[in-house]
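Examination of the molecular architecture
Chain residues, written in single-letter form:
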Amino acid sequence: MMINPDDAVKRIPQELDSSNWVMEYDQTDIQVYSKSEASDSPVIGFRTVTTHFLPLITVFEFLKDVCGAMNKINHMFVKGEEFRDWSSELDPNGKVVRTSFRMPFPMTNREFLHGLHSHQLDETTGIVAYTPLEDNSIPVQKGYVRCPMYISGQRITKLESGALQVEFLMVYELGGKISTSVQDKWLKKSHVGAYIKEWRKLREYMFPPTFEEIDYPALTSLMKHSLEQNMHWQFRGKPKAGQVQIGRVPFCARNAVRTEITVQASLETVVDVIADQSLAFLPQWNKEFLSGDVLKVIEQTTTKKSWLIRVHYKTPFFLSNREYIYFFSREWLNQDECIIYYHSINHDSKVPTGFVRAVLYPSVHRCTRKRNGSTVVEHLLITDLKGKLGSKQDRLLKTSLVKARCRDMKNQDQLFKKLFK
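Residues numbered from 1 in each chain as written. Predicted model: local features only at pLDDT ≥ 70, side-chain atom pairs only at ≥ 80, totals over all residues. Heavy atoms only, no water.

In this section: helix 3 (residues 66-73). In terms of residue burial, helix 3 counts as a mostly covered element, since six of its eight residues are buried. Along helix 3, the residues that are buried comprise Val 66, Cys 67, Gly 68, Ala 69, Met 70 and Ile 73. (Buried < 20%, exposed > 50% of the residue type's maximum accessible area, 1.4 Å probe, protein only. Helix = DSSP H or I, 4+ residues; strand = E, 2+ residues; numbered from the N terminus.)

Scanning the entire structure with this criterion turns up 34 salt bridges. Between Asp 384 and Arg 254 there is a salt bridge, with its nearest N and O atoms 3.6 Å apart. Residue Asp 384 is found in strand 21 (residues 375-384), and its partner Arg 254 is found in the loop between strand 12 (243-247) and strand 13 (256-263); the two are separated by 130 residues along the sequence. When sorted by exposure, Asp 384 lands in the same class as Arg 254, which is buried. Linking Lys 304 and Glu 299 is a salt bridge whose minimum nitrogen-to-oxygen distance equals 3.8 Å. A relative accessible area of 9% places Lys 304 in the buried class. One network of salt bridges, in which partners are shared, links Glu 228, Arg 258, Glu 260, Arg 366 and Glu 378. (Salt bridge = Lys/Arg side-chain N within 4 Å of Asp/Glu carboxyl O.)

Time to look at the packing of aromatic side chains. The relative placement of two aromatic rings is captured by the distance of their centres and the angle of their planes. One pass over the full model with this rule turns up 16 aromatic pairs. Considering the side-chain rings of Phe 168 and Trp 199, the 4.7 Å spacing of their centres and the 40° angle between planes classify their relative orientation as tilted. On the criterion of sequence distance, the pair formed by Phe 168 in strand 10 (residues 164-170) and Trp 199 in helix 5 (residues 188-206) is long-range, its members being 31 residues apart. For the pair Phe 168 and Trp 199, one class covers both residues: buried. A centroid spacing of 6.0 Å and a plane angle of 85° characterise the contact between Tyr 326 and Phe 328, whose relative ring orientation is edge-to-face. With respect to class, Tyr 326 is no different from Phe 328; both count as buried. Counting every residue linked through ring pairs, the aromatic cluster contains Phe 46, Phe 168, Tyr 195 and Trp 199. (Phe/Tyr/Trp six-rings, centres within 6.5 Å; stacked < 30°, edge-to-face > 60°.)

Within the secondary structure layout, Gly 45 lies in strand 3 (residues 44-52). Classification of Gly 45 by relative accessible area gives buried; the value is 0%. Separated by 320 residues in sequence, Gly 45 and His 365 have C-alpha atoms that sit 42 Å apart. Once residues lying within four places of it in the same chain are set aside, the contact partners of Gly 45 are Trp 21, Tyr 33, Ser 34, Lys 35, Ala 38, Met 170 and Val 171. (Contact = heavy atoms within 4.5 Å.)

This part takes up the packing of helix 7 (residues 267-276) against helix 9 (residues 392-420). Between helix 7 and helix 9, the shortest axis-to-axis distance is 11 Å and the interhelical angle comes to 125°. The angle between the axes of helix 7 and helix 9 places the two elements in the oblique class. Judged by the sense of rotation from one axis to the other, the crossing of helix 7 with helix 9 is right-handed. Here Thr 269, Val 270, Val 273 and Ile 274 of helix 7 lie close against helix 9, whose contacting residues are Leu 415, Phe 416 and Leu 419. For the contact of helix 7 with helix 9, the class distribution of residues is six nonpolar, one polar and no charged. (Axes fitted to C-alpha atoms, helices over the stretch in contact; angles between N-to-C directions. Parallel < 35°, antiparallel > 145°, perpendicular 65-115°, else oblique. Left-handed = near helix turned anticlockwise from the far one by under 90°. Nonpolar A, V, L, I, M, F, W, Y, C, P; charged D, E, K, R; others polar.)

Glancing now at helix 5. Over its 19 residues, helix 5 extends 28 Å from the first C-alpha to the last, a length consistent with the 27 Å expected when each residue adds 1.5 Å. Listed in full, the buried residues belonging to helix 5 are His 191, Val 192, Tyr 195, Ile 196, Glu 198, Trp 199, Leu 202, Arg 203 and Met 206. (Expected span 1.5 Å × (residues − 1).)

Right, let's talk about the packing of helix 2 (residues 56-64) against helix 5 for a bit. The interhelical angle for the contact between helix 2 and helix 5, taken along N-to-C directions, is 120°, at an axis separation of 12 Å. Relative to helix 5, the element helix 2 is oriented oblique. As for how helix 2 packs across helix 5, the hand of that crossing is right-handed. The segment helix 2 lies against helix 5, with Thr 58, Val 59, Phe 62 and Leu 63 engaging Trp 199, Leu 202, Tyr 205 and Met 206. Across the contact of helix 2 with helix 5, the residue classes break down as seven nonpolar, one polar and no charged.

Attention now moves to the pairing of strand 20 (residues 363-369). With respect to burial, strand 20 is a largely interior element, five of its seven residues being buried. As paired strands, strand 17 (residues 337-344) and strand 20 are joined by six bridges and run antiparallel to one another. Pairing of Cys 338 across the sheet is with Cys 367, part of strand 20. Relative to strand 21, strand 20 runs antiparallel, the two being bridged by six bridges. (Pairing = 2+ DSSP bridges.)

Let us look at the nonpolar core. Formed by 42 residues in total, the largest nonpolar core has its most connected members in Val 270, Val 311, Tyr 324, Tyr 326, Phe 328 and Cys 367. The contact partners of Tyr 324, leaving out residues within four places of it in the chain, are Ile 309, Arg 310, Val 311, Tyr 313, Ala 358, Val 359, Leu 360, Thr 383 and Leu 385. (Core = buried A, V, L, I, M, F, W, Y, C linked by side-chain atoms within 4.5 Å.)

So, about the side chain of Glu 378. Along the chain, Glu 378 turns up in strand 21. Overall, the relative accessible area of 7% leaves Glu 378 in the buried class. Among the polar contacts listed, one links the side chain of Glu 378 to the side chain of Arg 258, at a separation of 2.7 Å. Aside from chain neighbours lying at most four places away, what touches Glu 378 is Leu 227, Met 231, Arg 258, Thr 259, Glu 260, Val 364, His 365 and Arg 366. (Polar contact = N/O pair within 3.5 Å; in protein donor to acceptor, adjacent residues only side chain to side chain.)

A few words on the environment of Leu 419. Inspection of the secondary structure assignment puts Leu 419 in helix 9. As for Leu 419 and Ser 374, which are separated by 45 residues in sequence, their C-alpha atoms are 13 Å apart. Among residues more than four places away in sequence, those in contact with Leu 419 are Thr 269, Val 273 and Phe 281.

Interpretation note: all reported values are geometric properties and have no functional meaning in isolation.
So, in structure tokens, the structure goes:
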């Protein structure tokens, strides 16, 4: 029976919000669930949830092009094809598409023939639907098995925190010689692993953003929310000033470091040192700092100033030095609170020889005035060093990162005492 594409669009939120989903994998940055008979199918379906810091329209437009998206984030993807228009009331630009994937030996490669329809429900939610389709006029490719599909797709939602949530619903039969019972019993684990890899890859591919994609209000909201949500993280190290905590945030797969210190200096002095004159003062508390320069002043008002900055850091002898190019902004929220946030920007400049361009995920300093004239500095730092480290970064460098933050806070404490005299 032919399914109306608009019914598929409407069904996806209902299926994602239905009960009986079972948690299969639970990490701060990604969750994968399974459910029997999802989308009225005879097999287990999967729901994958990830969080990102990108505008809704950027991710929505990316996922609307399933062939292009799969080519970027799924390492098993072979090719994508558009066959004809399939318009509907909700999506006059709907298409019939086929995506092809290689399978691990000894399985035969698989292809998926389906409708591709999308609809933005409102300013905070978009839907991309894979509409099941049977069409014998489009023959199965030689060396492939066509997988029977059930209603699948994505819901992209802007959250109150300022982050973006992507939920992926995928339900299909592998077909061929693989029965539904074998698929559910023996291949569930491999499906879960594939979705983890695929949807973490979406974050890695789409971040960092361009200048045009920066959502300033969302960034401010996300940073304040992140600081408030991570106060329970485990304390690490033995700092002589302040405190260090390690944990994870939903929009990154790497460890984040949270520090907090009270310094004997006015709020205005602290903001001047950490933000407006950061490149001049960085060498006084960070011994890895090599050099830095302002590439561009982006905005300057009475309450806000932002820059495009490039910095270079030395690393241990067994690693290449690191370069960061990032958006850096200082904003006075009121006379007693200033927020300083920064994250990497997609930049086409050449990386210097001997360096690797690392990535700063949205990070922040929040500086708050205390009644006695001192200033509380909360700092959340999230970086992916890239290069050959990969996921080994968290395991190999956690201790050294904590030690570096303890040292930096000690140096900052001494610096502000000196400046305050």
